[in-house]
Amino acid sequence: MSELISGSEILMQSLLKEGVDTIFGYPGGAITPVFDALYDFQDRFNYILTRHEQGATHAAQGYARVSGKPGICLVTSGPGATNAITGIGDAMMDSTPLIVIAGQVQAELLGTDAFQEIDLVGITQPISKWAYQIRRPEDITWAVARAFYIASTGRPGPVVLDFAKNAQIGKAEFYYKKCEFTRGYIPYPEISTKQIESAAQLINDAKKPLALVGQGVILGNAENELKSFLEKADIPAASTLLGLSAMPTNFRLNKGFLGMHGNVGPNMKTNECDVLIAIGMRFDDRVTGNLKTYAKQAKIIHLDIDPSELNKNVKVDAKVLGDAKVSLKLLTDAIQNAKHGEWIDSFKEHEEKEFEKVIKKEVFPENGPIKMGEVINLISEASNNEAILVTDVGQNQIMAARYFKYSKTRSIVTSGGLGTMGFGIPAAIGAKVAAPDRKVCLFVGDGGFQMTMQELGTILQEQIGVKIIILNNNYLGMVRQWQELFFRKRYSSSVMINPNFGAIADAYKIKNQEVKDRKDLKKAIDEMFSDDKPYMLIVETEKEGMVYPMTPAGDTVTHILLGDE
Amino acid sequence: MENENMTLYTVSVFSENRVGLLNQISIIFTRRRLNIETLSVSPSALKGIHKFTITTFSDADTIEKVVKQIDKRVDIIKAFYNTDEDLVYQEIALYKIATDQLIKLGSIEEMIRTYNIRILEMNETCVVLEKTGHYEETQALFSELSQKVNVLQFIRSGRVAINKSKIERLSDMLANLNSRKPEGYVEDDEYAGY
Ligand SMILES: Cc1ncc(C[n+]2csc(CCOP(=O)(O)OP(=O)(O)O)c2C)c(N)n1
Ligand SMILES: [Mg+2]
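On a predicted model such as this, the values are computed, not experimentally measured, just so you know.

Looking now at the site of ligand 1. Residues and elements named next belong to chain A. Gln 395, Gly 419, Asp 446, Gly 448 and Gly 477 are the nearest of the 18 residues found near ligand 1. One of the backbone N or O atoms of Asn 396 is found 3.0 Å from an oxygen atom in ligand 1. Here an oxygen atom of ligand 1 and a backbone polar atom of Met 478 are 2.9 Å apart. Bound to the protein, ligand 1 loses 76% of the 590 Å² it would expose on its own. Those elements that provide at least two residues to the shell around ligand 1 are helix H18 (395-403), helix H20 (446-449) and helix H22 (477-486). When its residues are assigned to classes, the shell around ligand 1 shows eight nonpolar, nine polar and one charged.

Now the structure itself:
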């Protein structure tokens, strides 16, 4: 029998075995033994103390989205655990591999309303891929190995380990074996030749095919396979919010961004194409609008790794269940070379119209207040379109997604499914930690900034070189936009009196500049990029700016407002 | 709950024998606003595998999605759903009646023959009758008894069901799963922490 070590040390050793290098967290009573063990492992883990557990989860998510490895988050029981809930829910919606390890009262006290006891497993079961309570030191390695396996394979997602204090203190042998199997869970379903053949048949017969690219392509590392597939059959494609950067912006067949505030071309063409090929996306209502009128004329092919997504929102004519990397390769082999020049050219008319009516005004205005679009475009270009874009939620998010340009994959980190305001600052921290050699640009609204601005403390302590751009319209802009359009400009609760953001940055020793005039913008951006240190650029943007194009919620995907109605 | 589009479905779920499974399953019904009509849970014939039998009124589309969501849970080994035509199913009901009331009825032979009743207990104060059958059958006896005597207690179990199919989906699936097991795989149930 080998030496007995504490459960806390077993956890540390297990994390090392799984190749963990970074941990985000916040201490407290019920997790103190683990933090004590961590003290001896400071040379092996980059441990980052955030200022709030929500921040720790979003930072771990940002890390995961950029690195492709599970993000690790260590929090205490009770309020520490409940503060982590938003991140867990966000990771569930956006298929982000996240492992939250939370302290829990000792097993004997469970169910007694002990100090800082909360039923974390009960709370997180509906919003996590797996939630498990570790009650004995002997079970730690098994649970950790399973957690990593489940969080990172198949369709990734959050896993919660609720770690009872007695198991942290109690002793057991350390014997680690990675998990490669658990019955009842088939992360990579075998791909059916028949499904590939029927999908290939539809594609071969298509005259006007359109591909929809989701985050599944990025999660499956299938960017190259996607490119070969699209090129072989000459298929125009557009991305969901989370699928952005799977194709470079300037890729010939990339026709842009789908959905409510997406590009006119792909949204119009959705109801015109004859075959719609959805790849690793889930027909979210922000993409489809009214399902009753969505792509009714088209044969629909859906490639996804999650069987519960197939036929969930849209009835499909051909489904291909499996990992996009493999299924795209098989599909590419099964289809014929094709050319759809005329069809692809037919997007142009819409692109020109969108440019005339929307983009020109938003990105290249000559006078008037500063527009969000122009700031984003200038910053993207100043980064050579190579930066990682992180966004918060609201107008800033949609504008950034629309006008940032991507040259590399895994270059957008944004809260898609849950739309979590406050996601931005901590997610940017995680993104920069995962990719220290890349520029990380966060666009955040004045509202969202104030939801997690305490994380400036994390930036201060760790000197994390994120570039924070506050697009300050002095409004909860996206709410105001809806109120303008649908509630007769009754600005209920969307007006904000804001603090001096520069003074806040000063307090955290973050270099900053405020720009109110268009002519100062370029210079400020150059200064921001002059080094790799934290920076905050506060831009006063148009107060009552609007994000167009817009398909009102629940409307037909082709019912697009351009702001000239 | 019952309306034209609604059919009674029987959902069979095979799961790991782990704390919190019922919650994982029931929240999926809750999200889709399906009411669980009956529920029965017990260890299955296979060691370490629990079986849930759940009935619910649903339309075809919703039940398919719900069962896929259940099946997706890592701790769920397999979930199926069937309609009554595919199944042999049974429920059990117990009826408690005051002995003097039953005796006042005169003869109960005919009722016992018609309903196939078993008498489980009989003492000075009460008689406990048992009837197995479909919902309508146990309900019919309850109605008839209620007209004649005061039924002190009436309890009906959840449904248990076995499909009539020639294919044994669970054992096929387990065989398939076993063939995927990597070498040196340690069975989950060696971990007592469950
Ligand atoms: C946690 C949370 N609360 C509320 C909302 C609803 N909401 C969506 S966008 C938005 C306004 C965001 O305002 P701001 O951060 O200033 O960004 P802007 O839209 O002005 O760019 C609100 C309140 C949300 N998405 N998340
Ligand atoms: Mg704002």
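After presenting the structure, the write-up continues.
Residue and element names in this part refer to chain A. Position of Thr 270 relative to the elements: it lies in helix H12 (residues 264-270). Classification of Thr 270 by relative accessible area gives buried; the value is 1%. Taking the C-alpha atoms as reference points, Thr 270 and Ala 211, separated by 59 residues in sequence, lie 9.3 Å from one another. Dropping the residues within four chain positions of it, Thr 270 is found in contact with Leu 210, Leu 276, Tyr 294, Ala 295, Gln 297 and Val 557.

Around the magnesium ion (ligand 2), the protein supplies A:Asp446 (OD), A:Asn473 (OD1) and A:Tyr475 (O) as donor atoms, at distances of 2.1 Å. The motif formed by the donor residues of the magnesium ion (ligand 2), counted along the single chain, is D-x26-N-x1-Y.

Residues and elements named next belong to chain A. Spatially, the six strands line up as an open sheet ordered E16-E15-E17-E18-E20-E19, and their pairing is parallel. The open sheet has two edge strands, strand E16 (412-413) and strand E19 (511-515), and neither has a second partner. Where strand E17 (residues 440-445) meets strand E18 (residues 467-472), five bridges bridge the pair, whose relative direction is parallel. Note on E18: the bridge partner recorded for Gly 445 is Leu 471. Packing of helix H17 (residues 372-382) onto the sheet brings it into contact with E17, E18 and strand E20 (535-540), and relative to E18 it is tilted by some 165°.

Residue and element names in this part refer to chain A. Split into domains, chain A comes out as domain 1 (4-173), domain 2 (193-347) and domain 3 (364-540). Centre-to-centre, using C-alpha coordinates, domain 1 lies 30 Å away from domain 3. Residue-level contacts link 26 residues of domain 1 with 27 residues of domain 3. Summed over both partners, the interface of domain 1 with domain 3 comes to about 2000 Å²; 63% of that surface belongs to carbon and sulfur atoms.

Generally speaking, a soluble globular protein has its nonpolar side chains buried in company with each other. All names here are of chain A. Among the nonpolar cores identified, the biggest contains 48 residues, and Val 390, Phe 449, Ile 468 and Met 536 are the most heavily contacted of them. When we break this core down by domain, the ones giving at least three residues each are domain 1 (4-173) and domain 3 (364-540). Once residues within four sequence positions are removed from consideration, Met 536 is found in contact with Phe 449, Ile 468, Ile 470, Phe 501, Ala 505, Ile 510, Lys 511, Asn 512 and Gln 513. Met 372, Tyr 403, Ile 525 and Met 528 belong to the second largest nonpolar core, which has 45 residues in total.

Right, let's get into unusual backbone geometry. Residue and element names in this part refer to chain A. Here the residue pair Tyr 548 and Pro 549 is connected by a cis peptide bond, since its omega of -5° sits within 30 degrees of zero. Even without a glycine there, the phi angle at Asp 234 is positive, about 55°. Along the chain, Asp 234 falls in the loop between helix H11 (223-233) and strand E10 (237-239). We note that Asn 311 has phi near 65°; this positive angle belongs to a residue other than glycine. Residue placement: Asn 311 occurs in the loop between strand E13 (299-304) and strand E14 (318-321). We classify Asn 311 as buried; its relative accessible area is 18%.

Residues and elements named next belong to chain A. The tally for this structure, following the rule as stated, stands at 20 aromatic pairs over all chains. Their ring planes at 70° and their centres at 6.2 Å tell us that Phe 404 and Phe 443 sit as a pair that is edge-to-face. Here Phe 443 lies in strand E17 and Phe 404 lies in the loop between H18 and E16, a separation of 39 residues in the sequence. Neither Phe 404 nor Phe 443 differs from the other in exposure class; each is buried.

All names here are of chain B. Interaxial distance between helix H1 (residues 21-31) and helix H2 (residues 60-72) falls to 10 Å at its minimum, and their mutual angle equals 150°. On the basis of the axis angle, H1 is roughly antiparallel to H2. Note that H1 runs across H2; the crossing there is right-handed. Between H1, through Ile 25, Ile 28 and Phe 29, and H2, the contact on the second element is made entirely by Val 66, Gln 69 and Ile 70. Residue composition of the contact of H1 with H2, by class: five nonpolar, one polar and no charged.

Rules behind the numbers
- Residues numbered from 1 in each chain as written.
- Chains lettered and ligands numbered in written order.
- Predicted model: local features only at pLDDT ≥ 70, side-chain atom pairs only at ≥ 80, totals over all residues.
- Heavy atoms only, no water.
- Near = heavy atom within 4 Å.
- Polar contact = N/O pair within 3.5 Å; in protein donor to acceptor, adjacent residues only side chain to side chain.
- Areas by Shrake-Rupley, 256 points an atom, 1.4 Å probe, with all protein chains shown as cover.
- Helix = DSSP H or I, 4+ residues; strand = E, 2+ residues; numbered from the N terminus.
- Nonpolar A, V, L, I, M, F, W, Y, C, P; charged D, E, K, R; others polar.
- Buried < 20%, exposed > 50% of the residue type's maximum accessible area, 1.4 Å probe, protein only.
- Contact = heavy atoms within 4.5 Å.
- Donors = N, O, S within 2.8 Å, 3.2 Å for Na, K, Ca; no water.
- Pairing = 2+ DSSP bridges.
- Axes fitted to C-alpha atoms, helices over the stretch in contact; angles between N-to-C directions.
- Domains from an automatic or database assignment.
- Buried area = accessible area lost by both parts, 1.4 Å probe.
- Core = buried A, V, L, I, M, F, W, Y, C linked by side-chain atoms within 4.5 Å.
- Phe/Tyr/Trp six-rings, centres within 6.5 Å; stacked < 30°, edge-to-face > 60°.
- Parallel < 35°, antiparallel > 145°, perpendicular 65-115°, else oblique.
- Left-handed = near helix turned anticlockwise from the far one by under 90°.

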